[in-house]
Amino acid sequence: MSAPSYDLKIEKTAEGAEAWISGMLDESTDLSPLAAVKGKIVVDLSKVLLVNSLGLRTWIQFLRAARGKAQVILRGCSEPVVGLLNMVTNAAEGATVESFYAPFECESCGDERSVLIDVQRDLGQGDQPEFPPLPCPKCGGKCKLTDSPERYLLFLGDG
Amino acid sequence: MIGGRVEERPVLVVHDSVKARKTLTRILSAIERPILSAEGIDGGTAHLAKGPELLFMSHGLFLSEAGQKFLEAAEKSGAESCVILGGPPNRDEMSRLFQYTAFSNLLMDEEPVLLADGVVITALKLLRGDIFGLEKYLSWGVDKTRRTLKRSDQRREIVSQLHEQMLSLGLGRRIASMAAHVSDELMSNAVFHAAVDEGGKSVRSDAPRTDVFELSGRDEAELAYACDGRFLALSVTDRYGSLRRKTILDSLARSTGSNMNPRPGPGGAGLGLALVLGYVTHLVFNLEEGKRTEVVALFDLRRDIPAGAPPSVNIFERHRKGTEQ
């Protein structure tokens, strides 16, 4: 058996559990401890680097197992996770995305950074979600999303 | 054309857009063959008597009933088919395209002129039968890095190194992540799906992907990658050559939907190709039955390609056309 390439940490809360998944979700991934939780499960995905097809299968199986007995909240979805959510409609089936990371680049100095976006707080309440203005922490210049906002936020429309 | 021309059979372009026809004619002048062009099926049929060797047509005409009859006639006259998709990407149309056994090459871009490289390379590969090698898609002289898989679990280490190298080349996190993902899926296929016994039966496709075993001789798979600033290309080659065109088409047709249902059990999830299609700009299958399969994945670095946009796809079979030079 190959060694796990991911890490799963679960802490019980009054409402259910909070979990942190990091690394690569692949053939070594076992989310059954998470699937056993009832109530509200907040899953932090900010340190997920890659999800391959086998990791995706495990993930979808977890979401299906949670359906009806748990409310799944996705927190801090990393850029690779957002890419997956935009490509595979059912990769967030039944779950709610609370926050995610988005790639920004400064138009003046070229500094690139991944910025945490809170869906409720940062994207506005209009029909077309908009990213908040983001000054560059290095030079104060204007940062812009390196992808098109409509495309990057596609997964929110499917939620 | 270097090395002289063996035949002077023409190339036929059948496209309903005059702009596309003009652009394709200009691009195809690079291969030094007579070019015939027609707006519709009737015009194309009239040209079949001239014995075209290659056929380029729009996806709309390809998918029409008249287009299918025309393709049958073209195939009987010895023409290889090549599809150009001119309009905005449409996954439903893609899925339909893959259900036709006549399909082999889909080159896609909203702007025909941006297909220049793909059109010329596809035409030359079909005409010459020289199908292998990712370097055909890159600028001349670009060095490629090669890694050989000698153990099944080495995949993870190679993927991590590739990811780091992509970042060090300044390709950005998005491309690095997509390249890592694609190489992982393609290597997994090469390790678990390529190996067959003497009867052609898969020996590992149902094996748990967590199994660790040595890979030697024919079982070794090779990852190669290179970048010329325009494209990042990576390829995975196995030495079994067990992948069949029909398997690819079935898999492509299944993979063009966005709602994915994983296969249960310890083997593959059946989602790998769908994910790969979502990340690459161009996917090329080079098949030599019983000898080797090479899958080339290209990422266009020249402009911002939407994640999940349907890519171009080629399926080349070496035994179907000539000998390699």
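Here, every reference points to the structure presented above.
A. Focus on the interface of chain A and chain B. With 35 residues of chain A at the interface, the matching set in chain B holds 37 residues. Note on chain A versus chain B: buried area summed over both sides is about 2,700 Å², and carbon and sulfur give 52% of it. Sorting the residues of chain A by area buried against chain B places A:R57, A:M87 and A:R151 first, and these three jointly supply 25% of that buried surface. Our count for the chain A to chain B interface comes out at 3 salt bridges. Counting residues per element, the ones that place at least two in the side of chain A that touches chain B are β3 (39–51), α2 (53–66), α3 (79–87) and β7 (112–118) of chain A. Counting residues per element, the side of chain A that touches chain B draws most heavily on α2(A), at 7 residues. Of the residues contributing to the side of chain A that touches chain B, the split by class is 15 nonpolar, 11 polar and 9 charged.

B. Expanded view of unusual backbone geometry. With a phi angle near 55°, B:E32 is a residue other than glycine that sits in the positive phi range. Take B:E32: it is sitting in the loop between α1 (18–28) and β2 (35–38).

C. Representation of the pattern of salt bridges. One pass over the full model with this rule turns up 30 salt bridges over all chains. One salt bridge connects A:R67 with A:E93, and the closest N-O pair in it is separated by 2.5 Å. Of this pair, A:R67 sits in the loop between α2 and β4 (70–75) while A:E93 sits in the loop between α3 and β5 (95–97), and the two are 26 residues apart along the sequence. With a relative accessible area of 26%, A:E93 lands in the partly exposed category. Two residues, B:D153 and B:R151, come together in a salt bridge whose shortest N-O distance is 2.6 Å. Among the charged side chains, a salt-bridge network with shared partners connects A:E18, A:R75 and A:E98.

D. Just the pairing of strand β7 (residues 221–227) of chain B, in detail. All names here are of chain B. With 5 of its 7 residues buried, β7 lies for the most part within the structure. Looking at chain direction, strand β6 (residues 145–149) and β7 are connected through 5 bridges and run antiparallel. If you follow T148 over to β7, its bridge partner there is E222. For β7 and strand β8 (residues 231–238), the ladder comprises 6 bridges, and the chain directions are antiparallel. The residue of β8 that forms the bridge with E222 is T237. Between β7 and β8, which pair antiparallel and follow one another directly, the connecting turn spans 3 residues, one of which, G229, has a positive phi of 90°.

E. Representation of helix α10 (residues 272–279) of chain B in the model. With respect to burial, α10(B) is a largely interior element, 8 of its 8 residues being buried. Those residues of α10(B) that sit buried are B:G272, B:L273, B:A274, B:L275, B:V276, B:L277, B:G278 and B:Y279.

F. Structural context of the packing of α1(B) against helix α6 (residues 116–128) of chain B. Residue and element names in this part refer to chain B. In contact at an axis separation of 9 Å, α1 and α6 are set at 55° when each is read in the N-to-C sense. By the angle class used here, α1 and α6 are oblique. Read as a crossing pair, α1 and α6 show a hand that is right-handed. In contact with L24, I27 and L28 of α1, α6 contributes A116, V119, V120 and A123.

Conventions used here
- Residues numbered from 1 in each chain as written.
- Chains lettered and ligands numbered in written order.
- Predicted model: local features only at pLDDT ≥ 70, side-chain atom pairs only at ≥ 80, totals over all residues.
- Heavy atoms only, no water.
- Contact = heavy atoms within 4.5 Å.
- Buried area = accessible area lost by both parts, 1.4 Å probe.
- Salt bridge = Lys/Arg side-chain N within 4 Å of Asp/Glu carboxyl O.
- Helix = DSSP H or I, 4+ residues; strand = E, 2+ residues; numbered from the N terminus.
- Nonpolar A, V, L, I, M, F, W, Y, C, P; charged D, E, K, R; others polar.
- Buried < 20%, exposed > 50% of the residue type's maximum accessible area, 1.4 Å probe, protein only.
- Pairing = 2+ DSSP bridges.
- Axes fitted to C-alpha atoms, helices over the stretch in contact; angles between N-to-C directions.
- Parallel < 35°, antiparallel > 145°, perpendicular 65-115°, else oblique.
- Left-handed = near helix turned anticlockwise from the far one by under 90°.

These results come straight from atomic positions and should not be treated as a statement about function.
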